[in-house]
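What follows is each chain in one-letter form.
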Amino acid sequence: MKQDFGKVAVLMGGVSGEREVSLNSGKGVLAALRGQGVDAHAFDPAEEPLDALKGFKRVFIALHGGYGEDGAIQGALEIMGIPYTGPGVMASAIGMDKFRTKLIWQAAGLPTPDYVLLDEDSDFAAVEKRLGLPLFVKPAREGSSIGVFMVTQVGGLKDAFAAAREHGSLIMAEKGVMGGEYTVAILGDNALPIVKIEPATAFYDYEAKYLRDDTRYVCPADLPAAKAAEIQCGAKKAFQAIGGAGWGRVDFLMDDAGKHYFLEVNTAPGMTSHSLAPMSARQAGLSFEALCLKILAGARLG
Ligand SMILES: Nc1ncnc2c1ncn2[C@@H]1O[C@H](COP(=O)(O)OP(=O)(O)OP(=O)(O)O)[C@@H](O)[C@H]1O
Ligand SMILES: [Mg+2]
């Protein structure tokens, strides 16, 4: 039976660097919900005051990045008393911060690549030695691979730090884990089939994510069933450890020995036609429309 969701706002656009991706996500979600008979309307918080959300019964958050994925809009919706999709204020804020996410995972005994916070006074040679090469340098609070640099040469860390520093204030160096990149979508209490990402570039950079069409995606990923189940279970724990609920995506890396390491959580994953959560849902037998309805049905406060 179809649920009566009332008047629904699909939040898209916004002011972050991921505005264009969000508009794409939002358009797809809007069309899917309308196609299913939901009274859904586009709402761009960059163009309308949030006050105009009064009267909506639910919100589908298709925003990415700052103000959309970091707890800010979630806080506003809490105050307005309008249920919204995806994780709440705290999980959204933590998920936006790769450093704090890793602190929680370490405390919870969940595997994540070794890392070091950097500043101007860091002993760059010592960090290279500790983490080994290749290593990755990234702002802790950016997205879309913006400001992420791979260091492959001895002595390269200092320049990579300076380059990353232009994109954020909190910079970390992370051990390169080079045996493959994967993602697990979480929907309610379930982990969906694992997707393997095979970029044609050296790593899954901005170009590979949004501009090139030669990135390969394999779903379900070719992993032994027991290993896949173990990782799905771990991904759910990794999501829940930061307070995640509703839906989201947990990315992980595999080393050459077949050990997995959780990389980061996306609390408002992409919902474009090329996005990974819809791909994984399809593999689980859920159409894009069905996925949108399930996510919307999970909208809540608190
Ligand atoms: N420790 C690592 N080992 C191997 N590859 C890495 C590592 N860290 C980052 N990468 C590569 O760089 C890409 C971008 O890094 P990361 O996912 O940490 O940041 P982001 O994509 O900018 O964040 P978001 O997914 O929130 O947009 C990853 O998808 C992966 O290809
Ligand atoms: Mg990423």
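Bear in mind the structure is a predicted one, so any value in this text is a computation, not a measurement.

Criteria and cut-off values
Residues numbered from 1 in each chain as written. Chains lettered and ligands numbered in written order. Predicted model: local features only at pLDDT ≥ 70, side-chain atom pairs only at ≥ 80, totals over all residues. Heavy atoms only, no water. Helix = DSSP H or I, 4+ residues; strand = E, 2+ residues; numbered from the N terminus. Buried < 20%, exposed > 50% of the residue type's maximum accessible area, 1.4 Å probe, protein only. Contact = heavy atoms within 4.5 Å. Salt bridge = Lys/Arg side-chain N within 4 Å of Asp/Glu carboxyl O. Pairing = 2+ DSSP bridges. Axes fitted to C-alpha atoms, helices over the stretch in contact; angles between N-to-C directions. Near = heavy atom within 4 Å. Polar contact = N/O pair within 3.5 Å; in protein donor to acceptor, adjacent residues only side chain to side chain. Areas by Shrake-Rupley, 256 points an atom, 1.4 Å probe, with all protein chains shown as cover. Patch = residues over 30% accessible without salt bridge, like charges linked within 9 Å, V, L, I, M, F, W, Y side chains within 5 Å. Domains from an automatic or database assignment. Core = buried A, V, L, I, M, F, W, Y, C linked by side-chain atoms within 4.5 Å.

For Pro199, the location among the structural elements is in the loop between β10 (195-198) and α7 (206-211). In this structure Pro199 comes out as partly exposed when scored by relative accessible area, which is 24%. C-alpha of Pro199 to C-alpha of Ser144: the two residues are 55 residues apart in sequence and 14 Å apart in space. Each residue touching Pro199, except ones within four places of it in the same chain, is listed here: Tyr204, Ala208 and Thr215.

A separate point is the environment of Leu103. Counting through the fold element by element, Leu103 comes out in helix α4 (residues 98-107). In the structure, Leu103 is positioned 32 residues away from Gly71 in sequence and 19 Å away in space, judged by C-alpha atoms.

Moving on to the pattern of salt bridges. According to the stated counting rule, one finds 16 salt bridges in the structure shown. Where Arg212 meets Glu207, a salt bridge forms, and the shortest distance between an N and an O atom there is 3.4 Å. Accessibility expressed as a relative area gives 32% for Arg212, which makes it partly exposed. A network of salt bridges, in which partner residues are shared, links Arg19, Asp44 and Glu47.

Let's shift gears to the sheet that holds strand β1 (residues 7-11). Spatially, β2-β1-β3 is the arrangement adopted by the three strands of the open sheet, whose pairing is parallel. Of all the strands in the sheet, just β2 (39-43) and β3 (58-61) have a single pairing partner and so form its edges. Each adjacent strand pair in this sheet contributes to an overall mean axis angle of 30 degrees, direction not counted. For β1 and β3, the ladder comprises four bridges, and the chain directions are parallel. Residue pairing in the sheet places Ala9 in a bridge with Val59 of β3. Along the sheet, helix α10 (residues 288-297) contacts β1 and β3; its crossing angle with β3, the most-contacted strand, is approximately 125 degrees.

Before going further, it helps to spend a moment on the site of ligand 1. Surrounding ligand 1, one finds 21 residues, the nearest of these being Ser144, Ser145, Glu181, Lys209 and Glu264. Between an oxygen atom of ligand 1 and a side-chain N or O atom of Lys209, the distance comes to 2.5 Å. In the model, an oxygen atom of ligand 1 is placed 2.3 Å from a nitrogen or oxygen of the Glu264 side chain. Compared with its free state, where it exposes 600 Å², ligand 1 has 93% of that area covered by protein.

Bringing a nonpolar patch on the surface into the picture now. There is a patch of nonpolar side chains on the surface, built from Tyr206, Tyr210 and Leu211 and spanning about 300 Å² of accessible area. Counting through the fold element by element, Leu211 comes out in helix α7.

This part takes up the domain arrangement of the protein. Quoted interface sizes are often the accessible area lost when the parts come together. Split into domains, the protein comes out as domain 1 (7-86), domain 2 (95-111 + 178-297) and domain 3 (115-175). Averaged C-alpha coordinates put domain 1 and domain 3 at centres separated by 34 Å.

Ranked by internal contacts, the top residues of the largest apolar core, which has 27 residues, are Val10, Val29, Leu33, Val38, Phe60, Met271 and Cys292. If you tally residues by element for this core, the top one is α10, at six residues. Looking at this core, you find at least three residues from each of domain 1 (7-86) and domain 2 (95-111 + 178-297).

Along the chain, Leu133 connects to Pro134 via a cis peptide bond; the corresponding omega equals -5 degrees. The topology assignment puts Pro134 in the loop between α5 (124-131) and β5 (135-139). Note that the residue after Cys219, namely Pro220, is joined by a cis bond; omega there is 0 degrees. Turning to its location among the elements, Pro220 is positioned in the loop between β11 (216-218) and α8 (225-241). Positive phi values are uncommon outside glycine, yet Tyr67 reaches one of about 70 degrees.

Our next topic: the sheet that holds strand β7 (residues 171-175). Pairing in this open sheet of four strands is antiparallel, and the strands run β4-β7-β5-β6 from one edge to the other. With one partner strand each, in any of the chains shown, β4 (115-118) and β6 (149-151) form the two edges of the open sheet. With direction set aside, neighbouring strand axes in the sheet form an average angle of 25 degrees. Two strands pair when backbone bridges link them, and β5 and β7 are joined in this way by five bridges, in the antiparallel orientation. Pairing of Phe136 across the sheet is with Glu174, part of β7. Against the sheet, α4 makes contact with β4, β5 and β7, and its axis sits at roughly 145 degrees relative to β4, the strand it touches most. Relative to β4, α5 is tilted by about 165 degrees, and along the sheet it contacts β4, β5, β6 and β7.

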